[in-house]
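One letter stands for each residue in the lines below.
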Amino acid sequence: MTAIAPTAAISRSPDRLISLVLLPVALIALGPILRLLAEGFGLGGGLTFAHAAEVLGHESTRVALWHSLVTAGAGTVISVLIGAAFAFVVALTDIRARAALVFCLMIPMMIPPQITALAWMQVTGPSSVLLKTIGLAPPLGSPQPLHSAWGIAVLLGIQHASIVFLTLRAGLRMVPAELVEAARIAGARGWRVWAQVVLPLSLPSLAAGAAMAFVTALGNFGIPAMLGIPAGYSTLPTLIYRRLVSMGPSVLPEVAVLALLIGAVAIAGVLVNRLFLARRAHGLIGLSGQPLSLSLGRRRLPVEIGLWAFIALILALPLAALIATSLIPAYGVPLTWETATLKAWAEVLLRQPVTRRAYVNSLLLAGSAALILMAVTLPLAWIISRRPNWATRAVDTLVDLPYALPGVVLAIACILSFMRLPFISVTLYGTLTIILLAYLSRFLVVMLRPVQASIRQLDPAMEEAAASAGAGLGRRLRTIVLPLAAPAAAAGAILVFLTAVNELTVSALLWSAGTETLGVVIFNLEDSGDTVMASALATSIVVLVIVLMGIVQLAASRLPKGTVPWQS
């Protein structure tokens, strides 16, 4: 009799937990997207395409769509060139200090796009403090070269090169060394081995990385906003922002159509990629017994110098320009020992109420999102791993949707969903709560995947033994699953915190007076001409990001493999 009672408890507890966890997760992940579809196509009041056709027929919509395709497409090509070059060298050769190299390559991806744009604007142009200090600044009145389509594309390429790198490197690790050895025995050497063996096998990973970079670039708001708006160059995300800011909630049906247009283009890009992958799939028999490692010989040192010089160009140079700008008393003044001052730092961090409030809001939102998601993903990952059925598989797929779609699409969906809650007529628009709900929806998958990977590595025999001894589901989760999955959950929480604390695309459309976030304040400071203060605030955020990334890197050796995205 003692064996029957626990078994009955085991069968009922997960069922109750499934309904308690899966339903709110599905509503958060899918609800706003369904609301967006209803607004765009009039679902509920009669399906109609008339409004969508009217919005899509506007000249401004066609121009913004073309600009989005041009900048995202060109940025993807640049991302592929940078990311692929680093991935082939880091994954396949014997270069030294690859962990440090990968860590530095990841920093541009973790830095908010508006800070990337702000830093690069301090490198070029007639007002560059760095160029003024070394006497190379172009004459006053010269145009800022980054205020153009190519300027946007280049920065999008640098920002998202890490996505291509991570995806391709994962694929290259699956290439067995035995294939290369067989090609060498057959007489193939050097570039022929790379072109006829390695490159064909890595094309699917390269295409997947390119698709992810394209979708991310398409929804990027920070870089097109900082570089495109001053030049009158609109992309779809900046067109939505300008319409919403200038005309308010009355244009929600119009921006809903524009948001759906971005989502449709993003989904089309993913489908084209899948079609390509289906035609170019190569099957590898068995697992790679030994990772491929090619010796560079005498070319190793020049290659290492080239890679580190490139890291210095895309990371150290813009950060140096950003720091230099933050240390001058007024924009345009050259940096010397006499002019150097911490006045902007003191003003931003100690005196300005809006920046202090933004720091508090961003830290509160990022910390709350990390803690809530940590509490939700533990039972969710357990259910998905231990109770596979149609419902858990559906949720496992749906949680990717809010993160895969551009942030501006999610922001519009959240405005429509939470502007007026049904039955209680309460609006969440303009509150921190709506930003937090958007963060929970967008970053759920960032937290879930590491925890899911950790739980899959656990032997179910421990839980079965505890259940046989009478331990209920809650106790098993608390005493067995939680301690063993805690490192992965902590790493996921830091990744969520890192991503959320700098977020701009979603919060730019959801904030109001009193609910500013760091990303919004930096954008507003630069937009109003306070470049020195914006640089000081941006530099402080970069320091925070690097410190948090360093903590994750130090703990990487104790975490399950694959938990830290940039871990070797």
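Okay, so let's go over this structure. Residue numbers restart at each chain and count upward from 1, following the sequence in its written direction. Side-chain atom pairs in this predicted model are given and counted only at pLDDT of 80 or more, local residue features only at pLDDT of at least 70, and totals for whole chains, interfaces and linings cover all residues. Each side-chain value is worked out from all heavy atoms of the structure, with water and hydrogens disregarded.

With respect to the overall build of the protein chain
Okay, step 1: Comment: elements are numbered from the N terminus, with helices defined as DSSP H or I runs of at least four residues and strands as E runs of at least two. Across its full length, the protein chain holds 24 helices and 0 strands.
Okay, step 2: Split by element, the accessible area of the protein chain, about 25000 Å² in all, is 68% carbon and sulfur. Note on areas: Shrake-Rupley with a 1.4 Å probe; residue coverage comes only from the protein chains shown.

Section: the packing of helix α21 (residues 473-501) against helix α24 (residues 531-555)
To characterise two packed helices, one gives the angle between the axes of the helices and the distance between these axes.
Okay, step 1: The angle between two axes is taken between their N-to-C directions and runs from 0 to 180 degrees, where each axis is a line fitted to C-alpha atoms and a helix contributes only its stretch in contact. Two elements in contact, α21 and α24, have axes whose closest approach is 10 Å; the angle formed by their N-to-C orientations is 170 degrees. Here α24 runs roughly antiparallel to α21, going by the angle between their axes. The way α21 lies across α24 gives a crossing that is left-handed. Note on element contacts: α24 touches α21 through Leu544, Val545, Leu548, Met549, Ile551 and Val552, opposite Ile494, Phe497, Leu498 and Val501. Angles below 35 degrees are treated as roughly parallel, those above 145 as roughly antiparallel, those between 65 and 115 as roughly perpendicular, and all remaining angles as oblique. Note on convention: the crossing is left-handed when the near helix lies turned anticlockwise from the far helix by less than a right angle, right-handed when the turn is clockwise. Contacts are assigned to residue pairs that have any heavy atoms within 4.5 Å of one another.

Quick notes on the nonpolar core
Okay, step 1: Counting 175 residues, the largest nonpolar core has Leu36, Phe165, Ile240, Ile412, Leu509 and Leu537 as the members making the most contacts within it.
Okay, step 2: In this structure Leu537 touches Val348, Thr355, Tyr359, Leu518, Val521, Ile522 and Leu525, once residues within four positions along its chain are discounted. Only buried Ala, Val, Leu, Ile, Met, Phe, Trp, Tyr and Cys residues count toward a nonpolar core, and they belong to the same one when joined by side-chain atoms within 4.5 Å. Three exposure classes are used, based on accessible area relative to the maximum for each residue type with a 1.4 Å probe and protein chains only: buried under 20%, partly exposed in between, and exposed over 50%.

Notes on the packing of aromatic side chains
Okay, step 1: Here a Phe, Tyr or Trp ring, Trp counted by its six-membered ring, pairs with any other such ring whose centre lies within 6.5 Å, and the pair is stacked when the planes are under 30 degrees apart, edge-to-face when over 60, and tilted otherwise. Using the criterion set out here, one finds 5 aromatic pairs in the structure.
Okay, step 2: Aromatic pair Phe221 and Phe523: ring centres 5.8 Å apart, planes at 55 degrees, arrangement tilted. Note that Phe221 is positioned in the loop between α9 (190-218) and α10 (222-228) and Phe523 in helix α23 (residues 518-527), a separation of 302 residues in sequence. Residue Phe221 shares its accessibility class with Phe523, and that shared class is buried.
Okay, step 3: The rings of Phe221, Tyr241 and Phe523 are connected pair by pair, giving a single aromatic cluster.

Observations concerning the environment of Leu495
Okay, step 1: Residue placement: Leu495 occurs in helix α21.
Okay, step 2: Judged by its relative accessible area of 7%, Leu495 is buried.
Okay, step 3: Leu495 sits 57 residues away from Val552 along the chain, and the two C-alpha atoms are 8.5 Å apart.

Overview of the side chain of Ser417
Okay, step 1: The residue Ser417 is located in helix α18 (residues 407-418) in this model.
Okay, step 2: N or O atoms within 3.5 Å of each other form a polar contact, as long as, within protein, one can give a hydrogen and the other can take it, and as long as residues adjacent in sequence are counted only when both atoms are side-chain atoms. A polar side-chain atom of Ser417 sits 2.8 Å from the main-chain carbonyl oxygen of Ala413.
Okay, step 3: With near-sequence residues (within four places) excluded, Ser417 lies in contact with Gly31, Pro32 and Arg35.

Some remarks on helix α7 (residues 149-172)
Okay, step 1: The end-to-end C-alpha distance of α7, which contains 24 residues, comes to 33 Å, matching closely the 34 Å that a straight helix rising 1.5 Å per residue would cover.
Okay, step 2: The angle separating two fitted axes, one through the seven residues that finish at a residue and one through the seven that start at it, defines the bend at that residue. The largest bend in α7 is about 40 degrees, located at His160. The span one expects for a helix is its residue count, reduced by one, times 1.5 Å.

Some points on unusual backbone geometry
Okay, step 1: Not every positive phi belongs to a glycine, and Ala97 is a case in point at roughly 55 degrees.
Okay, step 2: Mapping Ala97 onto the fold places it in the loop between α3 (59-92) and α4 (98-110).
Okay, step 3: The class of Ala97 is partly exposed, set by a relative accessible area of 48%.

Observations regarding a nonpolar patch on the surface
Okay, step 1: A cluster of nonpolar residues, Trp66, Leu69 and Val70, forms a patch on the protein surface that exposes about 280 Å² of accessible area.
Okay, step 2: Tracing the backbone through its elements, the reader meets Trp66 in helix α3. Put simply, a patch holds well-exposed residues, over 30% relative accessible area, that have no salt bridge, with like charges counted together within 9 Å and Val, Leu, Ile, Met, Phe, Trp or Tyr side chains within 5 Å. Salt bridges are counted wherever a side-chain nitrogen of Lys or Arg sits within 4 Å of a carboxyl oxygen of Asp or Glu.

A look at the packing of α23 against α24
Okay, step 1: As a packed pair, α23 and α24 sit with axes 8 Å apart at the nearest point and diverge in direction by 155 degrees. Judged by the angle between their axes, α23 and α24 are roughly antiparallel. As α23 runs across α24, the sense of the crossing is left-handed. Contacts from Leu518, Val521, Ile522, Leu525 and Glu526 in α23 reach Thr531, Met533, Ala534, Leu537, Ala538 and Ile541 in α24.
Okay, step 2: A per-class count over the contact of α23 with α24 returns 9 nonpolar, 1 polar and 1 charged. Note that Gly is not counted as nonpolar here; it falls among the polar residues with everything else outside the nonpolar set of Ala, Val, Leu, Ile, Met, Phe, Trp, Tyr, Cys and Pro and the charged set of Asp, Glu, Lys and Arg.

Quick word on the environment of Ser441
Okay, step 1: Among the secondary structure elements, Ser441 is positioned in helix α19 (residues 432-456).
Okay, step 2: Between the C-alpha atoms of Ser441 and Ala369, which are 72 residues apart in sequence, the distance is 9.6 Å.
Okay, step 3: When near neighbours in sequence (up to four residues on either side) are disregarded, Ser441 contacts Ile28, Ala29, Pro402 and Leu410.

Quick notes on the pattern of salt bridges
Okay, step 1: All told, the structure shown has 5 salt bridges when counted by the stated rule.
Okay, step 2: The salt bridge partner of Arg62 is Glu59, with a shortest N-O separation of 2.7 Å. A residue pair is termed a helical-turn pair when its members lie 3 or 4 positions apart in one helix, as Arg62 and Glu59 do in helix α3 at 3 residues.
Okay, step 3: Judged by its relative accessible area of 45%, Arg62 is partly exposed.
Okay, step 4: With its nearest N and O atoms 3.9 Å apart, the salt bridge here joins Arg300 to Asp94. One end of the pair, Arg300, is in helix α13 (residues 300-326); the other, Asp94, is in the loop between α3 and α4, and 206 residues separate them in sequence.

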